[in-house]
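# Structural description and commentary
Here's the letter readout for the chains.
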Amino acid sequence: MDGSRRELIGLGHDLQLISELEVASSLREPDVFFTRGELRHFESKISPLESMAGAFAAKEALFKAIPAADETWFWTDAELVHDHHGAPRFQTHGTLAGHLARHRLRVSVSLSHSGGFVSAVVMVTGRTSALTRFFDTTNRAVRRVFRRIPADPAGAPQ
């Protein structure tokens, strides 16, 4: 992942038919599903509906990827933003931001547009625990020992 002892915690995917969102007028209400910033971003694009479908799919994939919790968060707690190269990432707010920070989780998102569809993949990673690192180290040590034990050409002991 990023070389800092992180492990995959959750993986989410969503495929969205862009034309399905043409009739979903409630999605255009600010601060219900999308933030005002997201709605402004969509309107600035050549194909606003395609951009909206990408954000919709990304949020769906995110909430599939995050492990179950007793907390409640809202669609607008995950805001899809883009860096200066246009690469998407989530800026989180509220309860969701607190949850990710407490559990030291990172979120990565990838979007792809083709043939009237948008596909989103979201990966949630977290730091490996001390216990996981202990067992990983122990497993490596055991494998090294077993590699040093020659196999008996006569077969397994009876």
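Owing to the predicted nature of the structure, the values given are computational and were not obtained by experimental measurement. (Residues numbered from 1 in each chain as written. Predicted model: local features only at pLDDT ≥ 70, side-chain atom pairs only at ≥ 80, totals over all residues. Heavy atoms only, no water.)

Three or more residues of helix 1 (residues 36–43) are buried, namely Glu38, Leu39 and Phe42. The buried residues of helix 1 occupy an angular sector of 100 degrees when the element is viewed end-on, so they sit on one face. In helix 1, the exposed positions angled more than 90 degrees off the buried face are occupied by Arg40 and Glu43. In this fold, the buried residues of helix 1 make contact with helix 2 (48–65) and strand 2 (78–82). (Buried < 20%, exposed > 50% of the residue type's maximum accessible area, 1.4 Å probe, protein only. Helix = DSSP H or I, 4+ residues; strand = E, 2+ residues; numbered from the N terminus. Arc of directions from axis to C-beta. Contact = heavy atoms within 4.5 Å.)

Now for the pattern of salt bridges. Per the stated rule, a full pass over the model turns up four salt bridges. Across the pair Arg36 and Asp31 runs a salt bridge, and its minimum N-O distance is 3.1 Å. Judged by its relative accessible area of 48%, Arg36 is partly exposed. We classify Asp31 as partly exposed; its relative accessible area is 42%. Two residues, Lys59 and Glu38, come together in a salt bridge whose shortest N-O distance is 3.0 Å. Of this pair, Lys59 sits in helix 2 while Glu38 sits in helix 1, and the two are 21 residues apart along the sequence. According to the relative accessible area criterion, Lys59 is buried, its value standing at 0%. (Salt bridge = Lys/Arg side-chain N within 4 Å of Asp/Glu carboxyl O.)

It is worth spelling out the side chain of Ser119 at this point. Tracing the sequence through the fold places Ser119 in strand 5 (residues 117–127). Only 2.8 Å separates the side chain of Ser119 from the side chain of His13, close enough to count as a polar contact. Every residue in contact with Ser119, bar those within four places of it in the chain, is listed here: His13, Asp14, Leu15, Ser110, Leu111 and Ser112. (Polar contact = N/O pair within 3.5 Å; in protein donor to acceptor, adjacent residues only side chain to side chain.)

Take the packing of helix 1 against helix 2 next. Two quantities define a packed helix pair, namely the angle between the axes and the distance from one axis to the other. For the pair helix 1 and helix 2, interaxial distance at closest approach is 7 Å and the crossing angle is 140 degrees. Only Pro48, Ser51, Met52, Ala55 and Lys59 of helix 2 make contact with helix 1, whose side of the interface consists of Glu38, Leu39, His41, Phe42 and Glu43. Residue composition of the contact of helix 1 with helix 2, grouped by class: five nonpolar, two polar and three charged. (Axes fitted to C-alpha atoms, helices over the stretch in contact; angles between N-to-C directions. Nonpolar A, V, L, I, M, F, W, Y, C, P; charged D, E, K, R; others polar.)

Moving on to the packing of aromatic side chains. For the structure on display, the rule yields five aromatic pairs. On the basis of an interplanar angle of 85 degrees and a centroid distance of 4.9 Å, the ring pair of Phe34 and Phe42 is categorised as edge-to-face. Phe42 sits in the buried class, given a relative accessible area of 3%. In textbook terms, an aromatic cluster arises when at least three aromatic residues are bridged by ring pairs, as seen for Phe33, Phe34, Phe42, Phe56, Phe63 and Trp75. Directly above the aromatic system of Phe33 lies the positively charged group of Lys59, at a separation of 5.4 Å from the ring centroid. (Phe/Tyr/Trp six-rings, centres within 6.5 Å; stacked < 30°, edge-to-face > 60°. Lys NZ or Arg CZ within 6 Å of the ring centre and 35° of its normal.)

So, on to the pairing of strand 4 (residues 105–114). When strand 4 meets strand 5, the two strands line up antiparallel, connected through ten bridges. Bridged to His113 within strand 5 is Val118. Counting the residues between successive antiparallel strands, the hairpin from strand 4 to strand 5 contains two residues, one of them, Gly115, with a positive phi of roughly 55 degrees. (Pairing = 2+ DSSP bridges.)

This paragraph deals with the environment of Leu17. As for its placement among the helices and strands, Leu17 is situated in strand 1 (residues 6–17). Between the C-alpha atoms of Leu17 and Val118, which are 101 residues apart in sequence, the distance is 6.6 Å. For Leu17, the residues in contact, after removing those within four places along its chain, are Gly116 and Phe117.

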